[in-house]
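Structural overview for review
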Amino acid sequence: PSDAEMAAKLYEAAKKEGEVMVYTAGTSQEWEELAAEFSKKYAGIKTAAFSGTSEAIRDKIFTEARAKKAIGEVLLRTTFDDTYTFTKEAVLEPYLSPETKNYDKSHYDPNGLWVINNYIVDVIEYNTQAISKDQAPKGYQDLLKPEYKGKLGLEASAIPWFTSMLTIMGKDKGLEYMKKLAEQKPRLVSGHTSLHKLVVSGEIPVAVYMYHFRSVPSKEAGEPIEWVDPVEVTPADSIFTAVIKNAAQPNAARLLMDFMLSEEGAKIVTKQ
């Protein structure tokens, strides 16, 4: 059968299920934009979502896996370290979306467990009312200066950033840098969205690293935010999409994943 015939068949099966539950890192607004377009294209399928930190999503998935009752059915946005753990613990459902034909083979699991559908770049973010442009850091090494002690914020589970920085700097120099950074007494905040809001409010003057797509729209909206492309090489995080194992509505889950990986879904992600 053609892709169109397969898609039509999947849609009919999904309509019989009638709904789909999504777990997605990020803000509720970002999910609502995707949901609105999905519902417009696929009438008759209700959508619901839990939008939260990666940590909260991870806890929910493992709690449900232990109970052998999945409530969430699609994982729309998660990072490499979570996807690695989910794969290792066998909580993802194999589904090789037909949309993967538009992706490089290095960007999806050959067994259909996950797809990398975008990357987010790490930048330094600061509040312009707390830090002047002249005083602003130009790179990660600047954050070790005495004037930044007690003024930094860092995401509490910064494992991908930490390991990437060790890859960039080399293990010995990287660990030396992290020890010096710890001496700056950064405030640890759970979730990048929460950290970003604290920088916007000025409660934390500088975020050691922030996702680029958080900083850019805030600046464009006139909030007191500026971002810095570090003079050093900076990490980029791969973002994954997957179907959760034992989904109650597996066809609706697959249909939503297809939409997320499609050109229509990609345009929404790019806009965001």
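Residues numbered from 1 in each chain as written. Predicted model: local features only at pLDDT ≥ 70, side-chain atom pairs only at ≥ 80, totals over all residues. Heavy atoms only, no water.

**Considering the pairing of strand 1 (residues 19–25)**
Put simply, the test is: Relative accessibility thresholds used throughout: buried, under 20% of the residue-type maximum; exposed, over 50%; partly exposed, between the two (1.4 Å probe, protein chains only). Here a strand is any run of E in DSSP of at least two residues, a helix any run of H or I of at least four, and the numbering for each starts at the N terminus. Pairing between strands is defined by DSSP: at least two bridges between the two strands are required. Crossover handedness is defined by viewing with both strands directed away from the observer: a clockwise path from the first strand over the helix to the second marks the crossover as right-handed.
The element strand 1 is largely enclosed, with a buried count of 6 among its 7 residues. Across 7 bridges, strand 1 lies against strand 2 (residues 46–52) in parallel orientation. Counterpart to valine 20 in the pairing with strand 2 is threonine 47. Regarding the hand of the β-α-β motif, the stretch spanning strand 1, helix 2 (residues 28–41) and strand 2 is right-handed. Note: strand 1 against strand 3 (residues 74–79), 3 bridges, orientation parallel. If you follow threonine 24 over to strand 3, its bridge partner there is arginine 77.

**Brief notes about helix 5 (residues 159–169)**
Short version of the rule: Any pair of residues with heavy atoms lying within 4.5 Å of one another is described as a contacting pair.
Every buried residue of helix 5 is accounted for by Pro160, Trp161, Met165, Leu166 and Met169. Buried residues belonging to helix 5 abut helix 4 (80–88), strand 5 (115–127), strand 6 (152–155), helix 6 (171–183), strand 8 (206–211) and strand 10 (236–244). Glycine 170 occupies a position one or two residues after helix 5 and carries a positive phi of about 95°.

**Observations concerning the packing of aromatic side chains**
Where two aromatic rings form a pair, the distance of their centres and the angle of their planes describe that pair. The test is simple: By convention, a stacked pair of Phe, Tyr or Trp rings (six-membered ring in the case of Trp) has centres within 6.5 Å and planes under 30 degrees apart, an edge-to-face pair has planes over 60 apart, and any other such pair is tilted.
If you walk through the whole model with that rule in mind, you get 11 aromatic pairs. Seen from their ring centres, phenylalanine 80 and tyrosine 84 are 6.2 Å apart, and the 35° between their planes marks the pair as tilted. One end of the pair is phenylalanine 80 and the other is tyrosine 84, both in helix 4 and 4 residues apart, which spans about a single turn. Exposure remark for phenylalanine 80: the relative accessible area of 48% places this residue in the partly exposed category.

**What to know about helix 9 (residues 250–261)**
Spelled out, the test is: Helices are assigned an expected span. That span is 1.5 Å times one less than the residue count.
Here helix 9 is 12 residues long and its end C-alpha atoms lie 17 Å apart, about the 16 Å a rise of 1.5 Å per residue gives. With 10 of 12 residues buried, helix 9 lies mostly within the body of the structure. Residues of helix 9 that are buried: Asn251, Ala252, Ala253, Leu255, Leu256, Met257, Asp258, Phe259, Met260 and Leu261.

**Some remarks on the environment of lysine 46**
Looking at the element boundaries, lysine 46 is found in strand 2. Sequence-distant contacts of lysine 46, defined by excluding residues within four places in its chain, comprise Gly18, Glu19 and Val20.

**Observations regarding the side chain of asparagine 251**
Filter applied, for reference: For the purposes of these results, a polar contact is taken to be a pair of N or O atoms within 3.5 Å, where, inside protein, one atom must be able to donate a hydrogen and its partner to accept one; residues adjacent in sequence count only when each atom of the pair is a side-chain atom.
Take asparagine 251: it is sitting in helix 9. Only 2.9 Å separates the side chain of asparagine 251 from the side chain of glutamate 17, close enough to count as a polar contact. Contacts of asparagine 251, omitting those with residues within four sequence positions, involve Leu10, Ala13, Ala14 and Glu17.

**A look at the packing of helix 9 against helix 10 (residues 263–271)**
The line we're drawing: The axes are straight lines fitted to the C-alpha atoms, using for helices just the contacting stretch, and the angles between their N-to-C directions are given from 0 to 180°. For classification purposes, angles smaller than 35 degrees are called roughly parallel, those larger than 145 roughly antiparallel, those between 65 and 115 roughly perpendicular, and all remaining angles oblique. Each residue is assigned to one of three groups, with Ala, Val, Leu, Ile, Met, Phe, Trp, Tyr, Cys and Pro labelled nonpolar, Asp, Glu, Lys and Arg labelled charged, and all others, Gly among them, labelled polar.
Running from amino to carboxyl end, helix 9 crosses helix 10 at an angle of 60°, the nearest separation of the two axes being 4 Å. Taken together, the axes of helix 9 and helix 10 are oblique relative to one another. Between helix 9 and helix 10, the residues in contact are Phe259, Met260 and Leu261 and Glu263, Glu264, Gly265, Ala266, Ile268 and Val269, respectively. Taken together, the residues that form the contact of helix 9 with helix 10 break down as 6 nonpolar, 1 polar and 2 charged.

**Some remarks on the environment of aspartate 82**
Counting through the fold element by element, aspartate 82 comes out in helix 4. Overall, aspartate 82 belongs to the buried group, its relative accessible area being 2%. Put simply, aspartate 82 and isoleucine 239 are 157 residues apart on the chain and 10.0 Å apart in space, counted from C-alpha to C-alpha. With residues up to four places along the chain from it excluded, the contact list for aspartate 82 reads Ser54 and Arg58. For aspartate 82, the side chain forms a polar contact with the side chain of arginine 58, separated by 2.6 Å.

**Overview of unusual backbone geometry**
Glycine aside, a negative phi is what most residues show, and trans is what most peptide bonds show. Here lysine 68, not a glycine, exhibits a phi torsion of approximately 55°, which is positive. Here lysine 68 lies in the loop between helix 3 (54–67) and strand 3. Overall, the relative accessible area of 71% leaves lysine 68 in the exposed class. The phi angle at alanine 90 is positive, at roughly 55°, despite the residue not being glycine. With respect to the element layout, alanine 90 can be found in the loop between helix 4 and strand 4 (92–93).

**Points about the pairing of strand 5**
Extensive coverage of strand 5 is indicated by the burial of 11 of its 13 residues. Across 6 bridges, strand 5 lies against strand 10 in antiparallel orientation. Bridge pairing in strand 10 links isoleucine 120 to aspartate 237. Direction of pairing for strand 5 relative to strand 9 (residues 225–228): antiparallel, over a ladder of 4 bridges. Across the sheet, the residue bridging to tyrosine 126 is glutamate 226, located in strand 9.

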